[in-house]
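# Structural features, examined
One-letter residues, chain by chain:
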Amino acid sequence: MKRVSNILFIACAAVFLLLIAAVTILRPAETFSYYENRSLAKKPVNDPALVNDGTWYPAMEKFLCDSAAGRKTITKLCTAADLSLKRPVVNDVVIGDGILLPFNPYEAVDRAKLKRQAEAIGNNLKAVSDVTESVGGRYYYVSVPCQYSYCAEDYPDYLDDRAELTAASVEALTESLSARGVGYIDTGPAFDAMGKDMTLSSTVDNHFSIFGAYEAYRIVLEAMNSDGCDVPVLGKDELTFTETENYYMGSRTRKLFNLVKNTEHLWRADPVAPVEFTRTNNGNWGVPSVYHREEPWTPLLYTYYMGGDIGETVIETDRPAYPDILIYGDSFTNAMECILYLSCDTMYSLDLRHYRGTVSDYILEHEPDYVICVRSYESLLSTTYNGGR
Amino acid sequence: MAFSTMSFLVYFLPAAVIVYYLIPKRFPALRGAELLLASLVFCWVGGGLLCVCTLCLCILVSYVCARLAEGKKKPPVIVAAAVLIGALAFFKYIKHFSGALAVAMPLGLSFFVFQALGYVIDVYRGTVPAERSLPRYALFMAMFPQLAQGPILRYAGVANDLPGGRATLDGFAAGLTRFCFGLAKKLLLANAMAKAADMVFGYEASLLPAGLAWVGALAYTLQIYLDFSAYSDMALGLGRLFGYEFPENFNYPYAAVSITDFWRRWHISLSSWFRDYVYIPLGGNRKGYARQIVNILIVWLLTGAWHGSTLNYIAWGLWFGVLIVLEKPLMKTGYGRLPLPVRRIVTMLLVILGRVLFRSPDLGYAWRYFLSMLGMGGGIESGAALYLLLEYWPEWICGLIACFPLKRLLEKKLRDRAGLGGIVYTWGPKAAALLLLALSYMKLLSGSFQSFIYFQF
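What you are looking at is a predicted structure, and each value in this text was computed from that prediction instead of being measured.

Time to look at the overall build of chain B. From N to C terminus, chain B includes 19 helices and 0 strands. Relative to the 2.2 N^0.38 estimate, which gives 23 Å for 457 residues, the radius of gyration of chain B is 23 Å and therefore close to what a compact globule would have. Dimensions of chain B along its principal axes, counting C-alpha atoms only, are 65 × 55 × 50 Å. Burial statistics for chain B: of 457 residues in total, 49% are counted as buried.

Spelled out as C-alpha cells, the structure:
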C-alpha cells in the first residue's frame, strides 16, 4: 500500500506542477488585470547581463506570477476565502455593514511633519496663485472629504478613520495658505453641516456621488462669490438628476472581484435648460457630452464622469458673459466638472498625470478668470500627486 | 532564488528533478554533474554573477587548503580562515566603512563560508580525509537545496552519498511531502505573520501602545520560526528528492524548557558549528568556570556578529550568552524544580525579548520598543493590536499549532496502528501535502513576492 500511495502522490504532484507550467506557457498572454486595475508585468528581456546583476530574476518572477495559469480565478477564490473567514480587511478594503471603506494604515499624527508638508505645498500653490493673478485671475485651492472622512463613523472602533490626521492636516494647510495669501476653501464643514447625507457619498467608492459633487460645486462657487468673485451658481432645481440603469462597479467592489454586490447606481445631472457646448480632448474634437457612453449591460465605473484619464479637456459653451474657469486636481474634479461647465463660458480641465506641460504655463497661455484646484483630504498635503505642483 | 516562487516551484525544480532522473542510476557522476550545474544556475539566476564568483572562490580556496592541511598542518587552515572569514566580513561590514564599496551580500554567503571552514578544520583534525575530486567537493558546497539558508552541512554527513545521492521511492515521496509542508508553512503562515510584524516594527517604537508592541513581538517571534523552519523543511525535503539526507535544523524550539534547551533546538547546524569549531577549541568547560563563562560569551558574541553587522545583533548574541551563563547556576536552585509549563513560559518570554533586539534596526529602537512593551510608550490600549489579531486569526492559530510537536505526536500514535489508523498514517500526510501544495500555489499567486528572512544573513 505504501508503494502505491507513494507513486500516486508523486504522480499527482508532478501532473499538478507540469500542468501549471504548460498552461502558463501556452495560454494567450493578457496585458491588463481589470479587477486590480493595473497592467500586468511584461516578460523581461533574456539578457545574461541582467542575470549577472541580479535584476532579471525578480522581473521574471513578477512576470510568471502575473501570467500564471488560473491567476484571475485563483485570486478571486482567495478573496472569497478571506471574505468567508471574516477578516475585517480584505484586499485593503474594510468590510463594513453595508459599506466598503478603504483601509487606512495606522499613522501617528506628526504635527511637525504636517507643518513641513503644508509649507512645501503652500510654496507650490503660492507660485501658481501668483501666475493666475498676473493674468488677472483668481486662484482657489479646494479640499473635499473623501469616503473615509465622510463615512468615518462606519469604521469599527479598532480601525483608523484618520479623523485626527485630517483635522491636523487641514489646520496646518489653512495656516500655511493664509500666511501666503492663497485662497483656500475647505468644503468639509459645509458637508458636515448637511448632516452626513449618505446620498452625497458612495458606499463602494472613494468619490462623492453626483449629488455630493453638486454640493461641492455649490459650496465652492458660493464661497468664491462671497470673496468677491462673480460666478453664476445653478440651483438644484435647475438640474435634473437621473439614475443610470447600469450596475455600478465602485473601486472597492472592483478590488473585491465584485464578490460583495451593491445596489448603488451612478446618477447624472443635466441642466433643465439645455446648454449647447463643444468638447475637445487633448486638442481633438470629442463627443459633446460629459458622461461616458456605455452599453446597458456594461458595469459603470467612476470614469463615467468626464471619461477620466484625459490630459486636457476643453468645454466651450459660447456664452461670453460667463467666466472662463480652469479646474485641475485629483479625480474628485471629474464629477464636479459635469456641473461646473454650466457656469462657464469655457471650462478647461487638466489631468496632470497625463498632461505634459505645467499648470503655470497653461494659465499664462489661456488666461482663465478663475483657477480651481480640487483635492480630497487624502492627498491634501501631497506635493507629488495630481495637483500638488 | 527562493523556493517559494513560481520560477523555482513550477519551472526550475521540475526541470532539475526530471533531468536528474532521466540519467540512469548507474551514472552517479553524471547525476552529480547535473545537480552541480543546476545549483550553479540556481546561484547565478538567484544571486547574480557576484554570487557565483564568491561561491567558486570559497570552493577553490577551501578545496586547496584542505588538501594542504592534511596531516595536521596549521598554515593552510589559517589561510582558509583568513580568506573565508575575510570575504564574509568584507561583505557584511564594508558598508560601515565605505558606502562606495558596499554591495549586496552574495546569496547564502554566511552559510557556505561556515560550511567550507568546517570542512577544512575537519580535514586538519583528521575527522575526514580531504576530498580528491573537485567536482564532488563543489557539489557538497553548492548543492542548491541547502545553499541559501543551510542547514550548514558537515562533509562526513554527506560524503558517502556523493556524487549521485541515494534516491529511493520512499525517500522521494517523504522529501516531497516535507517540501510541501514547508512551502505551506512559509506561504500560508510565515508571510502573514511577516505582514503583522512589519507593520508594527515600521512604527516609531516610542509611540507604540503596549498591546501593539507585544503583538508585534509575538508576530515576529512566530514569523522567524515559521519562515526559517519552513526553509529548512523545504531544504531537507529537496535534499531527499535528490537522494541526500541533511541533518535536522529545528526541533520545536518554542517548546524548550530553558534557554540552553532552546539553542539545542534552534538552528541546530549553526549552534553545533559554534560548539565544535569555537567553544570546544577555546576550552569549553574544561578550564574552569570563569573560563567557561568567557568562552560562552565569546561564542555568543560571534553568533551575534554572524547574524548582522549592527550593534543590536551583538547585543542579541550577548543577551543569550548572559542568559545561558546565568541559567546554569539558576537551574540548581528552586527554579530548576518549577513545573515545565512555567519554565516554558519564562523561556519564551526571554526569547521574545531577544527577538525584539534581533528585529530592531538599531539598539536605540530596541530600547524604546522595550519601554513601550512596559507601557512607557504610546499607552496601553491599541486598536491596531486588535486589528492584527482579527485580521490574521487563522494564521495566529495555525502558526501556534505549528510551533508545537502535534504532528509528531499524531504520527507516533498512528505509526503502528492497523486498519483505519494505518491507512491514515500512509495516505494522510500525502493527501495533506497535495492540498497544501495547491493552497500554496493559490497563495503564491494572490500574494506578492516575499523573500525569506534568513537570506540576509
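Still more ground to cover, so stick around.
Okay, the overall build of chain A next. Counting secondary structure elements, chain A contains 12 helices and 15 strands. Based on the C-alpha atoms only, the size of chain A along its principal axes is roughly 90 × 50 × 45 Å. In chain A, which comprises 389 residues, the share counted as buried stands at 40%.

A word on the domain arrangement of chain A. According to the domain assignment, chain A consists of domain 1 (2–69) and domain 2 (111–379). Of note, the centres of domain 1 of chain A and domain 2 of chain A, computed from C-alpha atoms alone, are 42 Å apart.

Residue and element names in this part refer to chain B. When cut into domains, chain B gives domain 1 (6–165) and domain 2 (171–258 + 331–456). Centre-to-centre separation of domain 1 and domain 2, based on C-alpha positions: 28 Å. Facing the 17 residues of domain 1 at the interface are 16 residues of domain 2. When contributions to the side of domain 1 that touches domain 2 are tallied by element, the ones reaching two or more residues are helix 1 (6–22), helix 6 (144–147) and helix 7 (155–158). Across the side of domain 1 that touches domain 2, the residue classes break down as 10 nonpolar, 6 polar and 1 charged.

Time to look at the interface of chain A and chain B. With 39 residues of chain A at the interface, the matching set in chain B holds 41 residues. Going through the elements one at a time, helix 1 (2–26), helix 2 (48–52), helix 3 (56–66) and helix 4 (71–84) of chain A are the ones with two or more residues in the side of chain A that touches chain B. Considering every element that reaches the side of chain A that touches chain B, the biggest residue donor is helix 1 of chain A, with 13 residues. For the side of chain A that touches chain B, a count of residues per class yields 26 nonpolar, 5 polar and 8 charged.

Glancing now at the packing of helix 8 (residues 169–201) of chain B against helix 17 (residues 393–402) of chain B. All names here are of chain B. Interaxial distance between helix 8 and helix 17 falls to 10 Å at its minimum, and their mutual angle equals 115°. Helix 17 is crossed by helix 8, and the crossing has left-handed handedness. Residues Lys-185, Leu-189, Ala-192 and Met-193 of helix 8 touch helix 17, and the partners they reach there are Glu-395, Cys-398, Gly-399 and Ala-402. Looking at side-chain class alone, the contact of helix 8 with helix 17 contains 5 nonpolar, 1 polar and 2 charged residues.

Moving on to the nonpolar core. Counting residues in hydrophobic clusters, the biggest one holds 243 residues, and the most contacted among them are Ala-213, Ile-339 and Ile-372 of chain A together with Val-120, Met-193 and Ala-219 of chain B. At 20 residues, the largest contribution of residues to this core is made by helix 9 (residues 210–241) of chain B. In this structure, Ala-219 of chain B is in contact with Met-193, Ala-196, Ala-197, Val-200 and Leu-388 of chain B, ignoring residues within four places of it in sequence.

What follows covers the sheet that holds strand 6 (residues 138–144) of chain A. Residue and element names in this part refer to chain A. Here we have 8 strands laid out as an open sheet, ordered 7-6-15-13-14-12-10-11, and mixed in their pairing. Two strands in the sheet have a free side with no partner beyond their single neighbour: strand 7 (183–186) and strand 11 (284–286). Between one strand and the next, the sheet's axes are offset by a mean angle of 20°, whatever the strand orientation. Examined bridge by bridge, strand 12 (residues 312–316) and strand 14 (residues 346–350) share 5 bridges and lie antiparallel to one another. Of the residues in strand 14, the one forming a bridge with Val-314 is Tyr-348. Contacting strand 6 and strand 7, helix 7 (residues 163–180) runs over the sheet at an angle of about 155° to strand 7. Sheet strands touched by helix 12 (residues 359–366): strand 13 (324–329), strand 14 and strand 15 (370–376). Its angle to strand 13, the strand with the most contacts, is close to 170°.

Residues and elements named next belong to chain B. Orientation of helix 2 (residues 28–69) relative to helix 5 (residues 134–142), taken along the N-to-C sense of each, is 105°, at an axis distance of 9 Å. Comparing the axis directions of helix 2 and helix 5 gives the class roughly perpendicular. Of helix 5, the residues touching helix 2 (which contributes Gly-32, Ala-33, Leu-35, Leu-36, Ser-39, Leu-40, Cys-43, Leu-55, Ile-59 and Tyr-63) are Leu-134, Pro-135, Arg-136, Tyr-137, Ala-138, Leu-139, Met-141 and Ala-142. Taken together, the residues of the contact of helix 2 with helix 5 break down into 15 nonpolar, 2 polar and 1 charged.

Scoring rules and cut-offs
The residue numbers shown here count from 1 along each chain, following its written sequence. As a convention, the first chain written is A and the first ligand written is 1, with the rest following in written order. Per-residue local features of the predicted model are confined to residues with pLDDT of at least 70, and side-chain atom pairs are confined, for both listing and counting, to 80 or more; whole-chain, interface and lining totals are unaffected and use all residues. Strands are runs of DSSP state E lasting at least 2 residues, helices are runs of H or I lasting at least 4, and numbering of each runs from the N terminus. As a reference, a globule follows 2.2 Å times the number of residues to the power 0.38, and the radius of gyration itself is taken over C-alpha atoms. Three exposure classes are used, based on other C-beta atoms lying within 10 Å of a residue's own C-beta, which is placed from the backbone: buried for 20 or more, exposed for 12 or fewer, and partly exposed in between. Here the bounds of each domain stem from an automatic or database domain assignment. Once C-beta atoms have been placed from the backbone, residue pairs whose C-beta atoms lie within 7 Å are recorded as contacts. Gly is put with the polar residues, along with every residue not named as nonpolar or charged; the nonpolar set is Ala, Val, Leu, Ile, Met, Phe, Trp, Tyr, Cys and Pro, and the charged set is Asp, Glu, Lys and Arg. Simply put, an axis is a line fit to the C-alpha atoms, just over the touching stretch for a helix, and the angle between two N-to-C directions goes from 0 to 180 degrees. Left-handed is the label given to a crossing in which the near helix is rotated counterclockwise from the far helix by less than a right angle, and right-handed is the label when the rotation is clockwise. Each nonpolar core consists of buried Ala, Val, Leu, Ile, Met, Phe, Trp, Tyr and Cys residues. Their C-beta atoms, within 7 Å, join them into a set. At least two DSSP bridges between two strands are required for those strands to pair. Roughly parallel means an angle under 35 degrees; roughly antiparallel, over 145; roughly perpendicular, 65 to 115; everything else is oblique.

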